[in-house]
Amino acid sequence: MGSLDTEAWREALLTHRARKDEFFADDPQSPLSAADRESFDGLSYFEPDQSYRIVTELDEYDTKETITVSTTTDGERDYLVWGSFAFERNGESVRLDAYRSEPESNRLWVPFRDETSGDETYGAGRYLDLEDPDDREGDAWVLDFNYAYNPFCAYNEQYECPLVPMENWLNVPIRAGEKTFE
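First, a word on scope: everything that follows refers to the structure included in this document.

Calculation rules
- Residues numbered from 1 in each chain as written.
- Predicted model: local features only at pLDDT ≥ 70, side-chain atom pairs only at ≥ 80, totals over all residues.
- Heavy atoms only, no water.
- Phe/Tyr/Trp six-rings, centres within 6.5 Å; stacked < 30°, edge-to-face > 60°.
- Helix = DSSP H or I, 4+ residues; strand = E, 2+ residues; numbered from the N terminus.
- Buried < 20%, exposed > 50% of the residue type's maximum accessible area, 1.4 Å probe, protein only.
- Disulfide = S-S within 2.5 Å.

What follows concerns the packing of aromatic side chains. Evaluated as defined, the whole model comprises 15 aromatic pairs. Taken together, a centroid distance of 6.4 Å and an interplanar angle of 20° make the contact between Phe23 and Phe152 stacked. Of the two residues, Phe23 is situated in helix α1 (residues 6–26) and Phe152 in the segment after β9 (140–144); the sequence distance between them amounts to 129 residues. Judged by its relative accessible area of 26%, Phe23 falls in the partly exposed class. Given a relative accessible area of 28%, Phe152 falls into the partly exposed group. Ring centres of Phe24 and Tyr155 lie 4.8 Å apart, and the angle between their planes is 80°; this geometry places the pair in the edge-to-face category. With Phe24 in helix α1 and Tyr155 in the segment after β9, this residue pair connects regions lying 131 residues apart in the sequence.

Written out as C-alpha cells, the structure is:
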C-alpha cells in the first residue's frame, strides 16, 4: 500500500469515534447506565496522533500456548497466545502479545496497560482488536493505538472484562485512543 492519506485516516478515526458516542448515548446495548446516558456528551479521547499508527509484522508463535486470564469479576477466560508484535516507542523497544479466543478466528486481541493506566486512562488497561484482512498492510499488521478502547467494565461494573496479562504491561506511555471515563 502506498503512503497513508492523513486526511482520510483522520476522517475515518473521527467518524469511528462519533459512531461510538452515538452507540453509547442511544443504543439499548450501551454499557452506560440510564443515569449516565442522560448526562453523556461523548467519550474522552487523546487527540489523533498518526505516530501511534504502527505497521509491524506479527511474530507468530509455532506453538500456541493457552493462557488463563482472570477477569474483573473473579472469573477466568482462556486465550491462545498467537504471537507478538515488536516496535519502538520513545526510544524503547516494546513487545505486545496478541491473543485469539479460537484458532479459526480472524481477530487478534491485543490488550495492554501502559504508563497512562490509572491516571489518564482506565487503570485495568485498554484493548485493540485487529481483524484480518482489514487491519493488514501486506504481510504486516496495523496497530493503530488511536483506536485503543476501554473495556465495557470501565463504564459499568456489571460487565466482566479480561484483565491485561502482565506480559503486556508497557513501560512507555501510549497517549492515544480512549481516556478515562469520568
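Note on terminology: disulfide describes a covalent bond linking the sulfur atoms of two cysteines. Going through the model one piece at a time under the given rule, you end up with one disulfide. Note that Cys153 is cross-linked by a disulfide to Cys161, the S-S spacing being 2.5 Å. One quick way to see it: the torsion about the S-S bond of Cys153 and Cys161 is about -135°, and its sign makes the bridge left-handed. Judged on exposure class, the residue Cys153 and its partner Cys161 are both buried.

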